[in-house]
Structures are given as structure tokens and as C-alpha cells.
Amino acid sequence: MLQVQNIEKYYGSKNNVTKALDRVSFEVADGEFVAIMGASGSGKTTLLNCISTIDTVSAGDILLDGESIAELPSEELAKFRREKLGFVFQDFNLLDTLTVEENIGLALALNHTDPGAVRKQVQTIASRLGIANILGKFPYQVSGGQKQRAACARAMVAGQSLLLADEPTGALDSGASKNLLEIMTQMNHTMGATILMVTHDAYSASYAGRVLFLKDGRLFNELLRGERGRSVFYHEILDVLALLGGDVSDVI
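Described below are features of the structure shown in this document. (Residues numbered from 1 in each chain as written. Predicted model: local features only at pLDDT ≥ 70, side-chain atom pairs only at ≥ 80, totals over all residues. Heavy atoms only, no water.)

1. Quick look at a nonpolar patch on the surface
- On the surface, a cluster of nonpolar side chains totalling about 240 Å² of accessible area is made up of Leu-95, Leu-106 and Leu-110.
- Relative to the helices and strands, Leu-106 resides in helix 4 (residues 106-110).
- Accessibility expressed as a relative area gives 31% for Leu-106, which makes it partly exposed. (Patch = residues over 30% accessible without salt bridge, like charges linked within 9 Å, V, L, I, M, F, W, Y side chains within 5 Å. Areas by Shrake-Rupley, 256 points an atom, 1.4 Å probe, with all protein chains shown as cover. Salt bridge = Lys/Arg side-chain N within 4 Å of Asp/Glu carboxyl O. Helix = DSSP H or I, 4+ residues; strand = E, 2+ residues; numbered from the N terminus. Buried < 20%, exposed > 50% of the residue type's maximum accessible area, 1.4 Å probe, protein only.)

Below is the structure:
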């Protein structure tokens, strides 16, 4: 589904150039849950920004469903994001002036989808995530866990190819973090969602099926979970983070 091909990203002028990404290549298959880890300044957020089309690569290419993101003209980028990419944010980014139903269906409405079809798609995904009973309420009237589910439903309602999460548990307490990660796992296992998550947290990364580690803008290592339990995988992640060197507290 996703192919990242020898991408490089430079910042600055010719007299002061910073290389944020250095020939990074990997693929994400349909239905995978992949985490990206690394210390501050490793390039993980830059990588996600390039994949999400928030930023552009200096060299190389990124393909989603066989379509080159790097070659998309600017006028098509917004449409591409709405149709192909779903986003999970730290603070949910739900609009308080819209109902939960309207929040979930916002991308469809912006694409001028028939209102009847929007309602049907919203009802379907809300039912699968257990929030069909709150669709008529506003975000400030529902619990934090219900907001999380609504945000995840919005990210996937239009049948987006790839769900992107940038430190999704960063602003949450441990209970809320576990709840969100279990929701994302449910979406991956039962709904076939393909997820790419940037995180500094080994506990969060242990929910993924594969973890990519970045160091100084390059891929440093990769771990596959396979049939191992999450606890075992968590400790293996910690071992790799220790090998990354530097201040390990930055990445765990």
C-alpha cells in the first residue's frame, strides 16, 4: 500500500543545510500496524509530515496505492488527504459546534457526498466502534473515551487507505492511552485499517505489529512482533532503544 523510496529531506540554505532524512526506504502492506520510533531529532515527525503531504521530500518518492505523492499538484493535495489519509490527533480535534455525527462525516461532506450516503457510512462505522448511541450529542457532552472513538471513526469513515497517528497518546493519562491503543488495535484487526504511528513511547509501540527505528534521519533497526506477546515485544523494543544510544529517556 505505502512505498517510501529512498527519500531525503533537507532544511536550510546552501551554507547551512540540515539533512533530516537520509535515503529512507520501507514499505507498509495493506492491513499492517507499524510504529516509528526514535529520539528527538531522529526525523520521525519529518517522515510522517512527508507521508501526510504536510511537507515535501527533497529527493526520492512516496507512493500510496501506487500513486506518487511527490508528484501531486498542490490543487489536488487537499482532496488526496481527505480521500486517502485519516489522522488521529493527540487532542482529538473534534469541533464543539458540530454533533458527533457531523464531526465524523465532515470529510465526506467536504467531498460533496450525498447526505444520505454520509449518514449511512457514519452509522456503519459508529456502530462498529460502539458509539452509535451518541451521534446526536456534541463533543462536550460525551466522555473522553467516546471522543477518542469518534476521532478514530472520523479518520476512517471515508474508507481512507492509511491512518496516520503522530504521538496519539502524548497528551493522555495511562488509562486513556490504553483505551485509545486498544481502539486502534480493534480497527486494525477487525476493520483492516492500515496504521502508521509515530511515537516516543515503547508501551504504545508494543501494540504495533512492526516497529521501525530512526536514528539521525536513517533507518537504524526494525522489529517484527510475530506471534510474541505484547509484553515480550515491549521489552525487545526497550533493548533496541538502548542500542540507539544518547539519552534513552528521550525515547521511552
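There is more to say, and it comes next.
2. A few points about the nonpolar core
- In this structure, Ile-104, Leu-163, Met-187, Val-211, Phe-213 and Ile-237 are the most contacted members of the largest nonpolar core, which totals 48 residues.
- When residues of this core are assigned to their parent elements, the largest contribution, six residues, is made by helix 6 (residues 144-156).
- Excluding residues that lie within four positions of it along the chain, Ile-237 makes contacts with Met-37, Ala-202, Ala-205, Ser-206, Val-211, Phe-213 and Leu-223.
- By size, the runner-up hydrophobic cluster in this structure holds 27 residues, among which are Leu-2, Leu-48, Cys-50 and Leu-212. (Core = buried A, V, L, I, M, F, W, Y, C linked by side-chain atoms within 4.5 Å. Contact = heavy atoms within 4.5 Å.)

3. Thoughts on the side chain of Asn-103
- Along the chain, Asn-103 turns up in helix 3 (residues 100-104).
- Separated by 2.7 Å, the side chain of Asn-103 and the backbone nitrogen of Leu-95 make a polar contact.
- Excluding anything up to four places from it in sequence, Asn-103 contacts Leu-94, Leu-95, Leu-98, Pro-139 and Arg-154. (Polar contact = N/O pair within 3.5 Å; in protein donor to acceptor, adjacent residues only side chain to side chain.)

4. Description of the side chain of Arg-210
- Structurally, the position occupied by Arg-210 is in strand 9 (residues 210-215).
- Arg-210 sits in the buried class, given a relative accessible area of 8%.
- Of the polar contacts made by the side chain of Arg-210, one reaches the side chain of Glu-32; its length is 2.9 Å.
- Excluding residues that lie within four positions of it along the chain, Arg-210 makes contacts with Glu-27, Val-28, Glu-32, Phe-33, Val-34, Ala-35, Glu-222, Leu-223 and Leu-224.

5. Things to note about the environment of His-189
- As for its placement among the helices and strands, His-189 is situated in helix 7 (residues 174-191).
- Taking relative accessible area as the criterion, His-189 reaches 62% and is therefore assigned exposed.
- The spatial distance from the C-alpha of His-189 to the C-alpha of Glu-32 is 9.1 Å, given a sequence separation of 157 residues.

6. What about the pattern of salt bridges?
- Applying the stated rule across the entire model yields ten salt bridges.
- Its salt-bridge partner being Glu-222, residue Arg-210 comes within 2.8 Å of it at the nearest N-O pair. Note that Arg-210 is positioned in strand 9 and Glu-222 in strand 10 (residues 218-224), a separation of twelve residues in sequence.
- Through salt bridges with shared partners, a single network forms among Lys-19, Asp-22, Arg-23 and Arg-218.

7. A short note on the sheet that holds strand 9
- With respect to topology, six strands assemble into an open sheet ordered 6-7-8-3-9-10, the strand pairing being mixed. Pairing within the sheet leaves two strands with one partner each, and these edge strands are strand 6 (85-88) and strand 10. Strand-to-strand, the axes of this sheet are offset by a mean angle of 20°, without reference to chain direction.
- For strand 3 (residues 33-37) and strand 9, the ladder comprises four bridges, and the chain directions are parallel. Bridge assignment links Ala-35 to a residue of strand 9, and that residue is Val-211.
- Sheet contacts for helix 1 (residues 44-51): strand 3, strand 6, strand 7 (162-166), strand 8 (195-198) and strand 9; angle to strand 7, the most-contacted strand, approximately 150°.
- Strands strand 3, strand 9 and strand 10 of the sheet are contacted by helix 9 (residues 230-244), whose axis makes an angle of about 160° with strand 10. (Pairing = 2+ DSSP bridges. Axes fitted to C-alpha atoms, helices over the stretch in contact; angles between N-to-C directions.)

8. Concerning the pairing of strand 10
- In the sheet, strand 9 pairs with strand 10 via six bridges, with the strands oriented antiparallel. Each bridged residue has a counterpart across the sheet, and for Lys-215 the counterpart in strand 10 is Arg-218.
- Linking strand 9 back to strand 10 in an antiparallel pair, the connection comprises two residues, with Asp-216 at a positive phi of about 55°.

9. A word on the sheet that holds strand 1 (residues 2-13)
- Across the sheet, which stays open at both edges, the four strands sit in the order 2-1-4-5 with antiparallel pairing between neighbours. The outermost strands of the open sheet, each flanked by one partner alone, are strand 2 (16-28) and strand 5 (67-68).
- Examined bridge by bridge, strand 4 (residues 59-64) and strand 5 share two bridges and lie antiparallel to one another. Opposite Leu-64, over in strand 5, you have Glu-67 as the bridge partner.
- Contacts from helix 1 reach strand 1, strand 2 and strand 4 within the one sheet, and its direction differs from that of strand 2 by about 65°.

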